[in-house]
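# Examination of the molecular architecture
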Amino acid sequence: MHTFVVLLGFITMVCAQFNRYPYNPEYYGRRFAILRQSQDSSPDGSYSYSYDTENGISVAEQGTPKFARPNQIESVRGQFSYTAPDGTPILVTYTADENGFQANGAHLPTPPPIPVAIQRALAHNAAHPEEEEPYRRY
């Protein structure tokens, strides 16, 4: 009986290894060729690269180092474009620097406007600051 359990466990492990990553051509889709590609890097740390694929994907990015204390910061500008499955052309431009990553695109969501009542309340609070006590006593 013990031999049967060990044999069954061994067969299960072998089957699991063969079925771990089944190849499914429809999952991976068609591979597209790169039509154009360029890249450049300089000893000072600046770089640029771009490429276009035959399915309409286009990518371009360039970066330059900024020496800010205490660490070096990379300032990056770039863009990428592609066609969405519904046929809409998508273009995203971005910057990344000491202010963080900031992306721009017509399809990206934007926050709704602040309601007028809240704007008035914020203006009133800014115009009439309360005196803050250093220690609140209860």
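These lines cover the structure that appears in this document, whether it is placed above or below. In this text, all values refer to a predicted model and were calculated from it rather than measured experimentally.

The next subject is the environment of Asn55. The topology assignment puts Asn55 in the loop between β2 (47–53) and β3 (58–67). Residues Asn55 and Leu35, spaced 20 residues apart in sequence, show a C-alpha to C-alpha distance of 9.5 Å. At 2.4 Å, the side chain of Asn55 forms a polar contact with the side chain of Thr53.

Turning our attention to the pairing of β2. Both strand β1 (residues 34–41) and β2 contribute to a ladder of seven bridges, which runs antiparallel. Opposite Asp40, over in β2, you have Ser48 as the bridge partner. Between β1 and β2, which pair antiparallel one after the other, the connecting turn spans five residues, and Gly45 there sits at a positive phi close to 105°. With six bridges joining them, β2 and β3 adopt antiparallel strand pairing. If you follow Ser50 over to β3, its bridge partner there is Ala60. A loop of four residues connects β2 with β3, the two strands running antiparallel in sequence, and Gly56 in this loop sits at a positive phi of about 100°.

Now for the side chain of Glu61. Take Glu61: it is sitting in strand β3. One buried charge, Glu61, has no salt-bridge partner; the nearest side chain with opposite charge is Arg77, at 11 Å. A polar contact of 2.6 Å, which involves the side chain of Glu61, links it to the side chain of Tyr47. Sequence-distant contacts of Glu61, that is, excluding residues within four places in its chain, are made with Tyr47, Ser48, Tyr49, Val76, Arg77, Gly78 and Tyr94.

Rules and cut-offs
- Residues numbered from 1 in each chain as written.
- Predicted model: local features only at pLDDT ≥ 70, side-chain atom pairs only at ≥ 80, totals over all residues.
- Heavy atoms only, no water.
- Helix = DSSP H or I, 4+ residues; strand = E, 2+ residues; numbered from the N terminus.
- Polar contact = N/O pair within 3.5 Å; in protein donor to acceptor, adjacent residues only side chain to side chain.
- Pairing = 2+ DSSP bridges.
- Buried < 20%, exposed > 50% of the residue type's maximum accessible area, 1.4 Å probe, protein only.
- Lys, Arg positive; Asp, Glu negative; His and termini not counted.
- Salt bridge = Lys/Arg side-chain N within 4 Å of Asp/Glu carboxyl O.
- Contact = heavy atoms within 4.5 Å.

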